[in-house]
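# Residue-level structural notes
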Amino acid sequence: MNRRSFLYLTSASLMLDVARRRWASPAMARRLAAYPFQLGVASGDPAPDGFVLWTRLAVDTTRGDGGIPPTPISVRWELATDASMRRIVTSGIATATPELGHSVHVEVAGLAPQREYFYRFMTNDATSAVGRSRTAPAPGAKIDRLRFAVASCQNYEHGFYHAHRDIAQTDMDAVLFLGDYIYEYRSKDRPRVHTLPALQSLDDYRTCYAQYHADPDLQAAHAAHPWIVTFDDHEVEDNWAGAIDRDGSSPAAFLPRRAAAFQAFYENMPLRHTSVPTGPDMQSFRTVAYGQLAQFTVIDTRQYRSDQPCGDNFKPSCDARLLESATMLGATQETWLANALATSTAQWNIVANQVMVQQLRQQRNGRETVNMDQWDGYPAARTRLTDFLAARRPNNPVFVTGDTHQTWVGDVKVNFDDQKSRTVATELVGTSITSGGDGSMKNRFSDANLADNPHIVYNNDQRGYFLCDLTPRAMTSALRVADRVTTRDGQITTAAQFITETGRPGVHLAG
Ligand code: FE
Ligand code: CA
């Protein structure tokens, strides 16, 4: 089976059916009530010599414990160079424990760089679907191209994952997922319904991830490519900031919930051991390098930030917003980010970011407002970052961003109030996979609002994702959008393409 037919198989969710049919043994049936790989398989955080392999056992996708008895279960894993799993290069036994939700995280090492591999899991007589992954190139290797998807915000209730089906069918090196993998509340009048109305305990969060992972299109996208993931707010609660929840409860009241949410996030993502949470703390900022061509610098704009000033969401400015002490990254991460960018020799520095960097002024009820949850709420921190980019000039910085449920493509300026000031980076704010439901042009920014934000090149309110192609000369980003997500028959097409040329910060529409 070649890669093309593998991607086709994953996309048709035939894999799971094939895997299920293979499983029919009376001995196994006594141990577990049903097929235990119903949450699919995934890989993540590619390195030149390996990546993480992930699965989580469940026989019942409506339960937090997956319907698995509360005992350790041995899971065999196999890695091969062919999709038929005949040329096995390494294998091992992992233990899925109830303490970690019967998840399995295997950090495979010792593999060849820039190579495709296939993997699967087995427990007793059950065999998982086969996943495909790919190692990164050797450190400093000169490579001609790199292709990755930028995705975020996949509220299960708001629609179907047509974008993930498209990602699964498209050949690429990696998927960046920038947060809002789950949503912690229940909406009204949507095409799908969350198992639980709200999430508080570890069992609640586990239940939610089980429902999301049971989706065949999401499973196909995980099985087809390695993912590099980070969280934003809805993995815990809307608009949380540091140790403060949306309603401003005490840290003592909020931190146990954050700990439960982080643990469930770790259990359900292909993350390395370095991200195993310690109570309410989880290490998520990190770099992933692709030879000489690109460095992905993944940042965490939630866990260490000061509280949103002036109230959440779009608000008029107030004194608290202008505090020099306001922070988006926290002091430790801010120093780490500066160092990661200053020492990078990659031709492209892709910053995997959660909330919009660009200024977005909006007139509401006759007053100018900005979104206090975005970098706009932390202008002193943003200026420190853009001044750093202007002074140290790392190669070709590009922010890729989630959160807003709209596409915003534009130039990152040292001074957004002066369009003539220097452009120091490009920003691509990806829309959402489903969150917000079908796009509507009436939600798009008005021409008057766009005129207040001249650094913005493009705005679109449809659902979808970015497919980015990097070469040593340029970054070409296709905005892939769904005509609708609220029905099962949505179609994906390219709405627009954008180009950033090497050595010339900023972005323009192609064609
Ligand atoms: Fe979102
Ligand atoms: Ca968000």
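Note that the structure is predicted; figures quoted are calculated from it, not measured.

Turning to the overall build of the protein, a few remarks are in order. Looking only at helices and strands, the protein features 10 helices and 25 strands. Its C-alpha radius of gyration of 22 Å places the protein within 12% of the 24 Å reference for a compact globule of 511 residues. For the protein, the spread of C-alpha atoms along the principal axes amounts to about 70 × 50 × 45 Å. When the 511 residues of the protein are sorted by exposure, 61% land in the buried category. For the protein, restricting intrachain contacts to residue pairs at least 6 apart in sequence, the fraction spanning at least 24 positions comes to 70%. Accessible surface computed for the protein: about 18800 Å², of which carbon and sulfur atoms make up 49%. Between the averaged position of the 52 positive side-chain charges in the protein and that of its 55 negative side-chain charges there is a distance of 6 Å.

Turning to the sheet that holds strand β17 (residues 367-371), a few remarks are in order. Judged by pairing direction, the sheet is antiparallel, and its three strands sit side by side in the order β14-β17-β16 without closing on themselves. Single-partner strands in this sheet number two, and they are β14 (314-315) and β16 (362-364). Of the pairings in the sheet, the one linking β16 to β17 comprises three bridges and is antiparallel in character. Its bridge partner being in β17, Gln362 is matched across the sheet by Thr369.

Here we take up the coordination of the calcium ion (ligand 2). Protein coordination at the calcium ion (ligand 2) comes from Asp180 (OD), Asp232 (OD), Asp233 (OD) and Asp403 (OD), with a distance range of 2.3 to 2.6 Å. Taken as a pair, the calcium ion (ligand 2) and the iron ion (ligand 1) show a spacing of 3.8 Å, with Asp180 coordinating each metal. Here Asp403 lies in the loop between β18 (397-401) and β19 (407-413) and Asp232 lies in the loop between β11 (226-229) and α7 (251-268), a separation of 171 residues in the sequence. Across this residue pair, the class does not change: Asp232 and Asp403 are buried.

A word on the packing of helix α4 (residues 162-169) against helix α6 (residues 216-224). Between α4 and α6, the shortest axis-to-axis distance is 8 Å and the interhelical angle comes to 30°. It follows from the interaxial angle that α4 and α6 lie roughly parallel. The handedness of the crossing between α4 and α6 is left-handed. For the pair α4 and α6, the contacting residues are His164, Arg165, Ile167 and Ala168 in the first and Asp217, Leu218, Ala220, Ala221 and Ala224 in the second. Here the residues of the contact of α4 with α6 are counted per class, giving six nonpolar, one polar and two charged.

Note on placement: Asp45 falls in strand β1 (residues 41-47). With relative accessibility at 5%, the residue Asp45 sits in the buried group. For the pair Asp45 and Lys315, spaced 270 residues apart in sequence, the C-alpha to C-alpha distance is 37 Å.

Time to look at the coordination of the iron ion (ligand 1). Protein coordination of the iron ion (ligand 1) is provided by Cys153 (SG), Asp180 (OD), Tyr183 (OH) and His405 (NE2), with donor distances spanning 2.0 to 2.5 Å. Classification of the site at the iron ion (ligand 1) rests on its four donor atoms, whose angles at the metal span 88 to 167°, yielding the label irregular. Taking relative accessible area as the criterion, Cys153 reaches 0% and is therefore assigned buried.

The next thing to look at is the environment of Glu78. Position of Glu78 relative to the elements: it lies in strand β3 (residues 73-80). The class for Glu78 is buried, based on a relative accessible area of 8%. Among residues more than four places away in sequence, those in contact with Glu78 are Met85, Ile88, Thr90, Ser91, Phe118, Tyr119, Arg120 and Met122. Among the polar contacts listed, one links the side chain of Glu78 to the side chain of Arg120, at a separation of 3.0 Å.

What follows concerns the pattern of salt bridges. The full count for this structure, using the stated rule, is 28 salt bridges. Arg134 is paired through a salt bridge with Asp173; the nearest N and O atoms lie 3.3 Å apart. Here Arg134, found in strand β8 (residues 131-134), pairs with Asp173, found in the loop between α4 and β10 (174-177); they are 39 residues apart in sequence, far enough to count as distant. Take Arg134 and Asp173: they sit in the same class, and that class is buried. Each of Asp232, Arg302, Arg305 and Asp373 takes part in salt bridges that share partners, so that together they form one network.

With seven of seven residues buried, β1 lies mostly within the body of the structure. Pairing geometry for β1 and strand β2 (residues 50-56), over five bridges, is antiparallel. The partner of Val41 across the bridge, within β2, is Thr55. The loop that links β1 with its antiparallel partner β2 comprises two residues. One ladder, built from two bridges, connects β1 with β11; its direction is parallel. Across the sheet, residue Ser43 finds its bridge partner in β11, namely Pro226.

What follows is about the sheet that holds strand β9 (residues 146-151). With mixed pairing, 10 strands are arranged side by side in an open sheet as β5-β2-β1-β11-β10-β9-β22-β23-β24-β25. Across the chains shown, the open sheet's two edge strands, defined by having one partner strand only, are β5 (103-108) and β25 (508-509).

In this section: the confidence of the model for the protein. Averaged over all residues, the pLDDT of the protein is 94; the fraction at 70 or higher stands at 94%. Confidence drops under a pLDDT of 50 for residues 24-29, and excluding neighbours within four residues, the segment shows seven contacts in the predicted structure.

This part takes up the state of the cysteines. For the structure on display, the rule yields one disulfide. Between the sulfur of Cys310 and that of Cys318 lies a disulfide, 2.1 Å long from S to S. Disulfide Cys310-Cys318: torsion about the S-S bond near -90°, hence left-handed. The class of Cys310 is partly exposed, set by a relative accessible area of 22%. The cysteine Cys208 is free of any disulfide, with Cys153 supplying the nearest cysteine sulfur at 14 Å.

This brings us to unusual backbone geometry. Although it is not a glycine, Asp189 sits at a positive phi angle of roughly 55°. Position of Asp189 relative to the elements: it lies in the loop between β10 and α5 (202-213).

The end-to-end C-alpha distance of α7 is 25 Å, a good match for the 26 Å that 18 residues give at a rise of 1.5 Å each. Taken together, the buried positions of α7 are occupied by Phe254, Arg257, Arg258, Ala259, Ala260, Ala261, Phe262, Ala264, Phe265, Tyr266, Glu267 and Asn268. On its buried side, α7 packs onto β2, β5, α5 and β11.

Scoring rules and cut-offs
- Residues numbered from 1 in each chain as written.
- Chains lettered and ligands numbered in written order.
- Predicted model: local features only at pLDDT ≥ 70, side-chain atom pairs only at ≥ 80, totals over all residues.
- Heavy atoms only, no water.
- Helix = DSSP H or I, 4+ residues; strand = E, 2+ residues; numbered from the N terminus.
- Rg over C-alpha atoms; globule rule 2.2 N^0.38 Å.
- Buried < 20%, exposed > 50% of the residue type's maximum accessible area, 1.4 Å probe, protein only.
- Contact = heavy atoms within 4.5 Å.
- Areas by Shrake-Rupley, 256 points an atom, 1.4 Å probe, with all protein chains shown as cover.
- Lys, Arg positive; Asp, Glu negative; His and termini not counted.
- Charge placed at Lys NZ, Arg CZ, Asp CG, Glu CD.
- Pairing = 2+ DSSP bridges.
- Donors = N, O, S within 2.8 Å, 3.2 Å for Na, K, Ca; no water.
- Axes fitted to C-alpha atoms, helices over the stretch in contact; angles between N-to-C directions.
- Parallel < 35°, antiparallel > 145°, perpendicular 65-115°, else oblique.
- Left-handed = near helix turned anticlockwise from the far one by under 90°.
- Nonpolar A, V, L, I, M, F, W, Y, C, P; charged D, E, K, R; others polar.
- Tetrahedral: all angles 85-135°; square planar, octahedral: opposite > 155°, others 65-115°.
- Polar contact = N/O pair within 3.5 Å; in protein donor to acceptor, adjacent residues only side chain to side chain.
- Salt bridge = Lys/Arg side-chain N within 4 Å of Asp/Glu carboxyl O.
- pLDDT = per-residue confidence, 0-100.
- Disulfide = S-S within 2.5 Å.
- Expected span 1.5 Å × (residues − 1).

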